[in-house]
Number of protein chains: 2
Amino acid sequence: MPTEQLIGLDLGGTNIKARLVDAQGRVVAAQDMPTYVEQGTEQVISRMADAVRAVCDLGRVRVAEVAGVGVAAPGPLDMKRGVIEKSVNLPGWIDVPIVKQLTRTLRRPVTLLNDASAACFGEYWVGAGMCVDELAMFTLGTGVGGGLVSGGRLVFGGFAQAGELGHIIVTRDGRLCGCGQHGCVEAYASESHMVRRGRELGVFGDDDAENVPTLLAAAKSGSEPAQRIWADCCHAIATACVTLQHVLNPRLILLGGGVAAAGDDILLPVRTAYASLAWQMTSDAPNIELAALGSSAGAIGAAGWFLHRRGAV
Amino acid sequence: MPTEQLIGLDLGGTNIKARLVDAQGRVVAAQDMPTYVEQGTEQVISRMADAVRAVCDLGRVRVAEVAGVGVAAPGPLDMKRGVIEKSVNLPGWIDVPIVKQLTRTLRRPVTLLNDASAACFGEYWVGAGMCVDELAMFTLGTGVGGGLVSGGRLVFGGFAQAGELGHIIVTRDGRLCGCGQHGCVEAYASESHMVRRGRELGVFGDDDAENVPTLLAAAKSGSEPAQRIWADCCHAIATACVTLQHVLNPRLILLGGGVAAAGDDILLPVRTAYASLAWQMTSDAPNIELAALGSSAGAIGAAGWFLHRRGAV
């Protein structure tokens, strides 16, 4: 008997990622499509349905045969109503009943989860945080998000806004974040802020792609401003790790998202900064590691969340 | 039939607080005794037992008649083994099996809980956070501790060290905290740090008691350094509240402990600083309020925890 299969969909500002996943979290087929968010919600949701059909074709399964669809989307969400309330990354999306619309189109049951929580849940389910019941994860991308598992359960908080680890304040009167606060992790460790600062400090040449790999290459070639930007990024993440240690006391903190593709170039300086910042009173410090599922984490986690909501994970 | 009664014991560096409590969390009788921590663990534990007997006498109940004893003690603890591992506030206490010793002496079942978690649990059980399933509490005293309730459960974390809200980092390269970190909440908002800074800045006169009430009175009389110390205290707490909002998203944050006896003089500036620091994207901000149980919170919470462990709360 073939194992049950399901769909994870990760709705981002740039791409829609669809993954056909089996009940053990293995990716059977993958299909990415551009979001074209400027075309409006109807078109984007229609393309999400197309992505589901395409990934089912790739995996030689009919949509009617999959157990269901887990959607990961940028928040804030109303998970109970299945609604995207509004989103910085999806301009113009206000109170979009995405679960209802996808359910109607695909005729399969649909669940909804914040994208960063989904990535964390994916790593908890089948990734680098597998079965670690006290887990925190940073998703370091255009912005900085995060997810938390405490006592073996995703943490949502009183208004379902928990796990926004990018908005932990790491210094007083620090850089202005897009959220309106000063000194957030995101203002130092997100790709958008690092690139902006790189421009301010003249890190990029005329022909350079203005992104984190260029910045990191410049730092390695001896560019002092690039080194400062990178050091501040790692210092901000490490400071937030110290705060998390004392607030939630996780056993493991994962670094995921596009910026974490830097691998040891981010992991090792974060660990070094952490060791220089943390108190010496306890040896119960969390391990800090790289996430394992890469850019599929959100879609895999969304699929896992579908199973979890049904009571199978 | 009289309602069931039990004992809450709060072991502090200065005082042992014993409370005879009924199953609804009402204090029937109260007895405080000096700890005299320098006399050693045997003597202190013996005096804890004396406090239990004394508060039972006051309440006209025999020790053998109480359901059990809940102990709150400074950590780190090993709750499972019932052991105080070590404590900054109890010098020389290393791996003290307090649950075993009190059980043997009193011949009643005994539970053990971190004192700040106990205060939070007390407020959650019958205080200002009653039934608020997403709750955070600062205990602002000689040091700064804290407790967390998430999803209706106390948060312990991977190594039972969660809820140490005093060691949230609020600024980079800030004042040195007793824990070895820089820029902790505790380095700005604990009585010991405020008093030390008050001395450094010449706030206290020769005849002044060097404590927070004196400092606050000086601030109100126009002392600029005293005002700065108080403002930094409130700013540090508010910054940590913003971080908590994004990490755990509580509905309510309580300010308790001796420093919070300042009442509106601390509550209102913390709220003002919070409003100036927090992002404007969401209206789902936590309420910030004063705790309700005063210096009995730890003992009441320890008693409530005993009932909870037995399955009655």
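Here the residue numbering is sequential within each chain, running from 1 through the sequence in written order. The naming scheme follows written order: chains are lettered A onward, ligands numbered 1 onward. At least 70 in pLDDT is required for a residue's local features to be given in this predicted model, at least 80 for side-chain atom pairs to be given and counted, and no such filter applies to totals for whole chains, interfaces and linings, which use all residues.

Now, about the overall build of chain A: what can you tell me, with residues and values included?
Going along the chain from the N terminus, every DSSP run of H or I of four or more residues is numbered as a helix, and every run of E of two or more is numbered as a strand. The helix and strand inventory of chain A stands at 9 helices and 12 strands. In this description the radius of gyration comes from C-alpha coordinates, and the expected globular size is given by 2.2 Å times residues to the power 0.38. What you see for chain A is a C-alpha radius of gyration of 19 Å, in line with the 20 Å of a compact globule of 313 residues. Principal-axis analysis of the C-alpha atoms gives chain A an extent of 55 × 50 × 35 Å. Residues counted as buried form 55% of the 313 residues belonging to chain A. We call two residues in contact when their backbone-placed C-beta atoms lie within 7 Å. Sequence-distant contacts, at least 24 apart, represent 60% of the contacts inside chain A between residues at least 6 apart. Exposure classes come from backbone-placed C-beta atoms, where a residue is buried if 20 or more other C-beta atoms lie within 10 Å of its own, exposed if 12 or fewer do, and partly exposed in between.

An account of the interface of chain B and chain A is requested, with residue identities and associated values reported.
Taken together, the contacts link 38 residues of chain B with 38 residues of chain A. With 5 residues, the top contributor of residues to the side of chain B that touches chain A is helix H7 (residues 224-247) of chain B.

Residue-level account of the environment of Arg-60 of chain B, with values.
Residue and element names in this part refer to chain B. Counting through the fold element by element, Arg-60 comes out in the loop between helix H1 (41-58) and strand S4 (69-73). Owing to 9 C-beta atoms within 10 Å, Arg-60 belongs among the exposed residues under this scheme. Measuring from C-alpha to C-alpha, the distance between Arg-60 and Ala-29 comes to 9.2 Å, with 31 residues separating the pair along the chain.

How would you explain the confidence of the model for chain A if you had to name every residue and give the values?
Per-residue pLDDT for chain A has a mean of 94; in total, 97% of the residues score no lower than 70. Note on the complex model: pTM 0.93, ipTM 0.92. pLDDT is a residue-level measure of predictor confidence that goes from 0 to 100.

I'd like a rundown of the relation of the copies chain B and chain A, residues and numbers included.
We place the copies in one frame by least squares, fitting the C-alpha atoms of every residue whose pLDDT is at least 70 in both. Mapping chain B onto chain A is achieved by rotating through 180° and translating by 0.0 Å along the same axis, at an RMSD of 0.0 Å. A rotation of that kind, with that shift, is consistent with a two-fold axis. Every residue of chain B has its C-alpha some distance from the rotation axis, and the shortest such distance is that of Thr-171 of chain B, at 1.9 Å. Of the interface residues in chain B, 100% have counterparts in chain A that sit at the interface too, so the contact is made through matching surfaces.

Tell me about the domain arrangement of chain A, and name the residues and values.
When the parts of a complex come together, some accessible area is lost, and that lost area is often taken as the interface size. All names here are of chain A. What fixes the domain bounds is an automatic or database domain assignment. The assigned domain composition of chain A is domain 1 (5-119 + 296-310) and domain 2 (132-292). One C-alpha centre belongs to domain 1, the other to domain 2; they are set 26 Å apart. Looking at the side of domain 1 that touches domain 2, the element that brings in the most residues is helix H3 (residues 115-126), giving 4 residues.

Could you give an account of helix H2 (residues 98-106) of chain A, naming the residues involved and the relevant values?
Since one α-helical turn is 3.6 residues long, residues separated by three or four positions face the same way. Residue and element names in this part refer to chain A. Turning to H2, its buried residues number three or more, namely Ile-98, Val-99, Leu-102 and Leu-106. Down the axis of H2, the buried set is contained in an arc of 95°. They therefore lie on one face. Of the surrounding elements, those touching the buried residues of H2 are helix H1 (41-58), strand S4 (69-73), strand S6 (83-84) and strand S7 (110-114). Positive phi shows up at Arg-107, right after H2, with a value of about 55°. Picture the helix axis, draw a direction to every C-beta atom, and the arc is the one those directions span.

Go over the sheet that holds strand S3 (residues 27-34) of chain A, please, and point to the residues and values.
Residue and element names in this part refer to chain A. Two strands make a pair as long as DSSP finds a minimum of two bridges between them. Pairing is mixed in the open sheet, where 5 strands are placed in the order S3-S2-S1-S4-S7. Among the strands making up the open sheet, the edge pair consists of S3 and S7. Along the sheet, successive strands turn relative to each other by an average axial angle of 20°, direction set aside. Across 7 bridges, strand S2 (residues 15-22) lies against S3 in antiparallel orientation. Its bridge partner lying in S3, Ile-16 is registered against Met-33. With axes taken as lines fitted to C-alpha atoms, and helix axes fitted only over the stretch in contact, angles between N-to-C directions fall between 0 and 180 degrees.

Break down the sheet that holds strand S3 (residues 27-34) of chain B for me, with residues and values.
All names here are of chain B. Read across the sheet, 5 strands follow the order S3-S2-S1-S4-S7 without closing on themselves; strand pairing throughout is mixed. What marks the edges here is a single partner per strand, and that holds for S3 and strand S7 (110-114). Neighbour-to-neighbour, the strand axes of this sheet turn through a mean angle of 20°, independent of strand direction. Both S4 and S7 contribute to a ladder of 5 bridges, which runs parallel. Pairing of Val-69 across the sheet is with Val-110, part of S7. Set on the sheet, helix H9 (residues 297-310) makes contact with strand S1 (5-11), strand S2 (15-22), S3, S4 and S7; between it and S1 the angle comes to about 130°.

Could you give an account of the nonpolar core, naming the residues involved and the relevant values?
Of all hydrophobic cores here, the largest spans 222 residues; its most connected members are Leu-9 of chain A together with Leu-9 of chain B. Setting aside residues no more than four positions away along its own chain, Leu-9 of chain A makes contact with Ile-16, Ala-18, Met-48, Ala-51, Val-52, Val-69, Val-71, Ala-72, Ala-299 and Ala-302 of chain A. A set of buried Ala, Val, Leu, Ile, Met, Phe, Trp, Tyr and Cys residues, joined through C-beta atoms within 7 Å, is what we mean by a nonpolar core.

Tell me what's going on with the pairing of S2 of chain A, and back it up with residues and numbers.
Residue and element names in this part refer to chain A. Summarising burial for S2: 6 of the 8 residues are buried, a large majority. Two strands pair when backbone bridges link them, and strand S1 (residues 5-11) and S2 are joined in this way by 7 bridges, in the antiparallel orientation. What sits directly across from Ile-7, in S2, is Leu-20. Linking two consecutive strands that pair antiparallel, namely S2 and S3, is a turn of 4 residues; a positive phi of about 80° is found at Gly-25 within it.

How would you sum up the packing of helix H5 (residues 191-200) of chain B against H7 of chain B? Please name residues and give values.
Residue and element names in this part refer to chain B. Here H5 crosses H7 at 155°, and the two axes come no closer than 10 Å. In terms of their interaxial angle, H5 and H7 are classed as roughly antiparallel. Where H5 crosses over H7, the two elements pack in a sense that is right-handed. Mapping the contact onto sequence places Met-194, Arg-197 and Gly-198 in H5 and Ala-226, Ile-229 and Cys-233 in H7. Considered class by class, the residues forming the contact of H5 with H7 number 4 nonpolar, 1 polar and 1 charged. The scheme is simple: roughly parallel for angles under 35 degrees, roughly antiparallel for over 145, roughly perpendicular for 65 to 115, oblique for anything else. A crossing counts as left-handed when the near helix is turned anticlockwise from the far one by less than a right angle, and as right-handed when that turn is clockwise. In this classification, the charged set is Asp, Glu, Lys and Arg, the nonpolar set is Ala, Val, Leu, Ile, Met, Phe, Trp, Tyr, Cys and Pro, and all remaining amino acids, among them Gly, are polar.

Please set out helix H8 (residues 264-277) of chain B residue by residue, giving values where relevant.
All names here are of chain B. In a regular helix each residue adds 1.5 Å, so 14 residues correspond to 20 Å; H8 covers 19 Å between its end C-alpha atoms and thus fits that length. The set of residues buried in H8 consists of Ile-266, Val-270, Ala-273, Tyr-274 and Leu-277. Projected down its long axis, H8 shows its buried positions confined to an angular sector of 105°, all on one face. When the buried face of H8 is taken as reference, the exposed residues oriented beyond 90 degrees from it are Asp-264, Leu-268, Ala-275 and Ser-276. The elements touched by buried residues of H8 are H7, strand S11 (252-256) and strand S12 (287-290). The span you would expect from a helix comes to 1.5 Å times its residue count less one.

Describe the packing of H3 of chain A against helix H9 (residues 297-310) of chain A, naming the residues involved and giving the relevant values.
Residue and element names in this part refer to chain A. Running from N to C, H3 and H9 cross one another at 75°; their axes reach a closest spacing of 7 Å. It follows from the interaxial angle that H3 and H9 lie roughly perpendicular. On H9, the residues that touch Asp-115, Ala-118, Ala-119, Cys-120, Phe-121, Gly-122, Glu-123, Trp-125 and Val-126 of H3 are Ala-297, Gly-298, Ile-300, Gly-301, Ala-302, Gly-304 and Trp-305. For the contact of H3 with H9, the per-class residue count stands at 10 nonpolar, 4 polar and 2 charged.

Any chance you could break down the pairing of S7 of chain B for me, citing the residues and the numbers?
Of all 5 residues making up S7 of chain B, 5 are buried, and the element is well covered by its neighbours. Of the two faces of S7 of chain B, both are covered, the one formed by Val-110, Leu-112 and Asn-114 of chain B as well as the one formed by Thr-111 and Leu-113 of chain B.

So what's going on with the environment of Gln-5 of chain B? Residues and values would help.
Residues and elements named next belong to chain B. Along the polypeptide, Gln-5 turns up in strand S1. For the pair Gln-5 and Gly-146, spaced 141 residues apart in sequence, the C-alpha to C-alpha distance is 27 Å. For Gln-5, the residues in contact, after removing those within four places along its chain, are Leu-20, Val-21, Asp-22, Val-28, Gly-59, Val-61, Val-66 and Ala-67.

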